[in-house]
2 protein chains.
Amino acid sequence: MPALNLKSEFADADDLETQMAAIGRRARAAARQMALATAQTKDVALRTIAERIRQTSREILRENARDVAAAKASGQSAALIDRLTLDEARLAGIADAVEKIGALPDPVGRQLAAFERPNGLLIERIAVPLGVIGVIFESRPNVTADAGALCLKAGNAAILRAGSDSHRSAMAIARAMSEGLTAAGLPADAIQIVPTRDRAAVGAMLTGLAGCIDVIVPRGGRSLVERVQAEARVPVFAHLDGICHVYVAAGADLGMARTILLNSKMRRTGICGAAETLLVDRACAGTHLTPLVTALLDAGCGVRGDEAVRAVDPRVSPASDEDWRTEYLDAIISARVVDGLDAAIEHIEANGSHHTDAIITEDQVEAMRFLAEVDSAIVTHNASTQFADGGEFGFGAEIGIATGRMHARGPVGIEQLTTFKYRVHGNGQTRP
Amino acid sequence: MPALNLKSEFADADDLETQMAAIGRRARAAARQMALATAQTKDVALRTIAERIRQTSREILRENARDVAAAKASGQSAALIDRLTLDEARLAGIADAVEKIGALPDPVGRQLAAFERPNGLLIERIAVPLGVIGVIFESRPNVTADAGALCLKAGNAAILRAGSDSHRSAMAIARAMSEGLTAAGLPADAIQIVPTRDRAAVGAMLTGLAGCIDVIVPRGGRSLVERVQAEARVPVFAHLDGICHVYVAAGADLGMARTILLNSKMRRTGICGAAETLLVDRACAGTHLTPLVTALLDAGCGVRGDEAVRAVDPRVSPASDEDWRTEYLDAIISARVVDGLDAAIEHIEANGSHHTDAIITEDQVEAMRFLAEVDSAIVTHNASTQFADGGEFGFGAEIGIATGRMHARGPVGIEQLTTFKYRVHGNGQTRP
């Protein structure tokens with residue numbers, strides 16, 4: 001575990017570059033071995049990792065306590081300290097999640113397509129691992145285990161870069177992961193933690209480490225994702241914003257609209273699948289707008305509305321143009337009345353973030369048009385936007401949600417952490 | 001057809017930037033309409049384009065003759081002039097290819113997966129167009145029609161940038177394409193030609209035109225691909241090299257090995273799927289090496305070999321280390337003897353380009369190991385490397401071959417020019 005043994009920070013930039021390059025080369029070599037690992041071997045590794053996390057919980061919690069103390073001393077926010085803090089229950093949850101990932105079906109080796117050509121060639125498209133996945137995260141120490149386990153399950157190598165706040169916790173969890181890999185006969189380098197808090201390490205990862213990183217997954221706030229998307233020279237699986245809409249169409253059942261709207265906005269306000277804007281069809285505004293807005297206000301949600309929405313209740317404040325493009329991640333919603341489906345779609349395309357958008361209606365034609373024309377990774381009909389989640393999709397777990405169009409879109413689970421190759425089976429065919 | 005009406009070059013860099021941004025915006029708007037076009041509408045457009053190419057062949061050939069005259073006057077190579085030159089037969093082939101693409105099944109709207117969740121949600125993964133595809137090509141005027149037609153068929157908008165040598169030919173063909181789009185009621189902006197020979201236009205495309213280009217496809221020589229891969233800030237479908245290997249294993253049938261080797265190397269030497277290196281297992285070198293090397297030499301292929309290969313025939317010249325990493329694209333092959341399958345795989349992983357590699361053997365176990373462990377987009381068993389082609393794969397046509405790992409790998413056909421979205425069908429579900 002050479003990467004894990006480097007406890008000190010690098011002396012200078014040259015050192016950093018050299019060490020990062022070495023991490024990249026080790027990851028690439030490990031990825032070749034991982035790609036050939038059987039489902040059983042990977043599952044042994046994951047079960048062992050879960051056990052080791054449980055067995056070394058005292059050590060992990062001690063390291064985490066040091067992280068938390070340092071974060072408090074440096075005046076970090078209560079929200080960050082909450083995200084950073086582990087306890088017995090959270091750590092047990094981390095171990096359980098690793099075990100659950102182990103129990104998922106192996107995504108590697110699936111036959112995605114097969115076709116026989118007139119000349120007798122049999123061509124198969126077979127799922128293979130993506131290669132080396134770089135994960136850059138901030139304060140949540142569970143990402144070490146979650147992301148590492150997902151990469152491992154899909155036969156990839158992972159290079160994990162923890163935020164400086166969670167560095168000690170991440171290193172402690174990574175030790176358990178290395179032990180699990182070794183116990184299964186897999187290369188410990190398949191999951192490496194960048195052993196420095198130097199922010200330049202992130203820059204090095206974003207260059208792809210000379211072809212040794214195939215994709216970057218940022219896990220953290222907007223500023224991290226923005227930097228990664230701006231600077232990465234390799235593909236990125238990410239979403240910058242989750243500006244999700246609930247469109248209540250003329251054909252909506254009011255009770256269902258209210259329930260789905262409240263769930264979409266208020267179940268958890270801080271997740272990317274939380275609704276940020278309510279659109280109500282003018283054709284049903286007379287009957288639906290007041291009960292919907294009142295329900296939001298009564299549930300403790302701030303409402304920023306256009307003129308029609310403000311007319312409903314004096315508690316509604318005016319929405320500015322910026323509100324339509326704001327991801328509040330809080331108990332606030334923007335709301336407006338629109339002139340039917342086309343206007344709703346226009347609003348979403350002009351202001352949304354191609355993440356998750358919902359229509360509520362009993363009119364199937366309208367619903368089908370919304371699902372076809374709204375260009376988002378996830379479009380829902382009569383279902384909460386908060387279903388935007390790999391677990392809810394049945395993927396078992398996710399490494400994130402992508403709003404890019406390439407390769408992975410929506411929840412990124414183990415299937416999306418694979419690519420494919422073509423195997424061509426012949427018996428002497430030549431091309432005429 | 002605003003883009004096509006701009007016949008003069010831009011006055012200065014600001015103009016270029018402004019005009020390229022406008023092309024990007026028009027493409028994005030057209031892409032939204034294209035995504036909703038029915039299969040029938042797209043096929044009408046493609047049939048009309050084929051007809052218009054045939055009907056305006058005199059005009060296209062006249063413009064092409066001007067390109068050819070200019071290329072000759074500026075002293076371009078005979079090879080470039082051959083690639084550039086159209087005649088009646090080649091133009092008829094271009095029209096036929098467009099018609100054939102029209103006849104392919106629509107890749108948009110396919111249900112790629114569907115799963116019902118325990119809460120009753122039905123989740124579908126549906127193929128949708130990628131969006132806007134930027135194609136940067138050099139001297140072959142047929143790329144205008146081929147690439148444009150493939151993008152159209154998959155519901156995308158295309159921005160095509162012709163090399164300055166083929167600019168007039170490309171504009172003439174693009175006119176036919178605009179007319180076909182318009183005749184079908186589709187936006188003419190769905191296929192735009194960059195109306196300038198200014199090389200800075202390529203730079204602008206590589207930035208993605210402020211999010212208006214989703215993927216870049218370079219079609220041309222190594223230096224073009226290298227520049228695109230180095231500078232692009234958006235995903236790229238491409239291959240830099242096709243350093244394809246034929247590995248003749250101990251279990252190979254000699255006759256089959258000879259036939260496949262000759263086809264892999266000599267059928268056409270200038271294509272990316274042509275073999276560049278022969279590897280022969282030491283275990284069969286005694287019987288197989290001399291006939292294989294002699295067959296190559298007798299077919300007019302230059303052979304650069306290691307010591308064992310040089311011992312076969314005085315016509316073999318010595319191979320340098322560089323030869324193992326050289327794509328000759330010519331009647332030259334590098335050849336060496338290796339110590340069995342592991343050494344062959346090592347050689348390919350160290351020197352290859354992850355494009356297409358073949359094993360010749362009757363030993364199924366050895367074949368399966370090769371197919372699993374060689375990390376290339378295409379791996380073949382007892383079949384020529386020259387099958388690396390979308391047409392040969394049954395894709396109808398291809399826009400190129402990709403050796404990257406993300407999204408598209410191997411031949412890039414219309415299916416690879418789509419992405420997907422999730423449609424979630426509920427009846428009031430909320431997330432607990």
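Bear in mind that the values here come from a model prediction, so they are computed numbers and not experimental data.

Assigned secondary structure in chain A consists of 15 helices and 16 strands. Since a compact globule built from 432 residues should have a radius of gyration of about 22 Å, the 24 Å found for chain A is in line with a globular shape. Principal axes of the C-alpha set define a box for chain A whose edges measure 70 × 65 × 40 Å. Burial status across chain A gives 59% buried among its 432 residues. Total accessible area on chain A stands at roughly 15700 Å², and carbon and sulfur atoms take up 49% of it. The distance from the centre of the 46 positive side-chain charges to the centre of the 54 negative ones in chain A is 7 Å.

Another aspect to go through is the domain arrangement of chain A. The domain boundaries assigned to chain A delineate domain 1 (2-237 + 413-422) and domain 2 (244-392). Measuring from the centre of the C-alpha atoms in domain 1 of chain A to the corresponding centre in domain 2 of chain A gives 36 Å.

The two copies are related by a screw motion: chain B maps onto chain A through a turn of 180° and a shift of 0.0 Å along the axis, at an RMSD of 0.1 Å. What we have between these two chains is a two-fold relation. Closest to the rotation axis within chain B is the C-alpha of B:His407, separated from it by 2.0 Å. Looking at chain B, 100% of its interface residues are interface residues in chain A too, so the copies touch through the same face.

Our next topic: the interface of chain B and chain A. At the junction of the two partners, chain B supplies 75 residues and chain A supplies 76 residues. Across the chain B/chain A interface, buried area totals approximately 6000 Å², and carbon plus sulfur atoms make up 52% of it. The partner of A:Glu415 in a salt bridge is B:Arg125, and the shortest N-O contact between them spans 3.3 Å. One can count 49 residue pairs in polar contact (both at pLDDT 80 or more) joining chain B with chain A. Elements that contribute at least two residues to the side of chain B that touches chain A include exactly β2 (122-129), α10 (222-231), α11 (254-266), α14 (340-351), α15 (364-373), β13 (378-383), β15 (410-412) and β16 (418-429) of chain B. Broken down by element, the residue count for the side of chain B that touches chain A peaks at 11 residues, all from β16(B). Residues of the side of chain B that touches chain A, tallied by class, amount to 34 nonpolar, 22 polar and 19 charged. For strand β16 (residues 418-429) of chain A and β13(B), the ladder comprises five bridges, and the chain directions are parallel. Pairing of A:His425 across the sheet is with B:His381, part of β13(B).

All names here are of chain B. Strand order in the open sheet formed by four strands is β5-β4-β3-β6, with parallel pairing between adjacent strands. Of all strands in the sheet, those with a lone pairing partner are β5 (191-193) and β6 (215-219), marking the two edges. Put simply, the sheet's adjacent strands are angled 20° from each other on average, direction ignored. In this structure, strand β3 (residues 132-137) lies alongside β6, joined through five bridges in parallel fashion. Note on β6: the bridge partner recorded for Gly134 is Ile216. This element, helix α8 (residues 167-183), spans β3 and β5 of the sheet and lies at about 155° to β5. In the packing of α10 onto the sheet, the strands contacted are β3 and β6, and the crossing angle to β6 comes to about 165°.

With the rule as written, the count across this model stands at 56 salt bridges over all chains. For B:Glu415, the salt bridge is made with B:Arg110, and the minimal N-O distance between the two is 3.6 Å. One end of the pair, B:Glu415, is in the loop between β15 and β16; the other, B:Arg110, is in the loop between α6 (88-102) and β1 (111-116), and 305 residues separate them in sequence. Taken together, the salt bridges that share partners define one network made up of A:Arg54, A:Asp96 and A:Glu99.

Once that is clear, we can look at the pairing of β3(B). All names here are of chain B. Counting buried positions along β3 yields six of six residues, so the element is predominantly enclosed. Sheet topology places β3 next to strand β4 (residues 157-161); five bridges connect them, and they run parallel. Opposite Ile133, over in β4, you have Ala158 as the bridge partner. Taken together, β3, helix α7 (residues 142-153) and β4 form a β-α-β motif whose crossover is right-handed.

Parameters at a glance
Residues numbered from 1 in each chain as written. Chains lettered and ligands numbered in written order. Predicted model: local features only at pLDDT ≥ 70, side-chain atom pairs only at ≥ 80, totals over all residues. Heavy atoms only, no water. Helix = DSSP H or I, 4+ residues; strand = E, 2+ residues; numbered from the N terminus. Rg over C-alpha atoms; globule rule 2.2 N^0.38 Å. Buried < 20%, exposed > 50% of the residue type's maximum accessible area, 1.4 Å probe, protein only. Areas by Shrake-Rupley, 256 points an atom, 1.4 Å probe, with all protein chains shown as cover. Lys, Arg positive; Asp, Glu negative; His and termini not counted. Charge placed at Lys NZ, Arg CZ, Asp CG, Glu CD. Domains from an automatic or database assignment. Least-squares fit on C-alpha atoms with pLDDT ≥ 70 in both. Contact = heavy atoms within 4.5 Å. Buried area = accessible area lost by both parts, 1.4 Å probe. Salt bridge = Lys/Arg side-chain N within 4 Å of Asp/Glu carboxyl O. Polar contact = N/O pair within 3.5 Å; in protein donor to acceptor, adjacent residues only side chain to side chain. Nonpolar A, V, L, I, M, F, W, Y, C, P; charged D, E, K, R; others polar. Pairing = 2+ DSSP bridges. Axes fitted to C-alpha atoms, helices over the stretch in contact; angles between N-to-C directions. Right-handed = clockwise from strand over helix to strand, strands pointing away.

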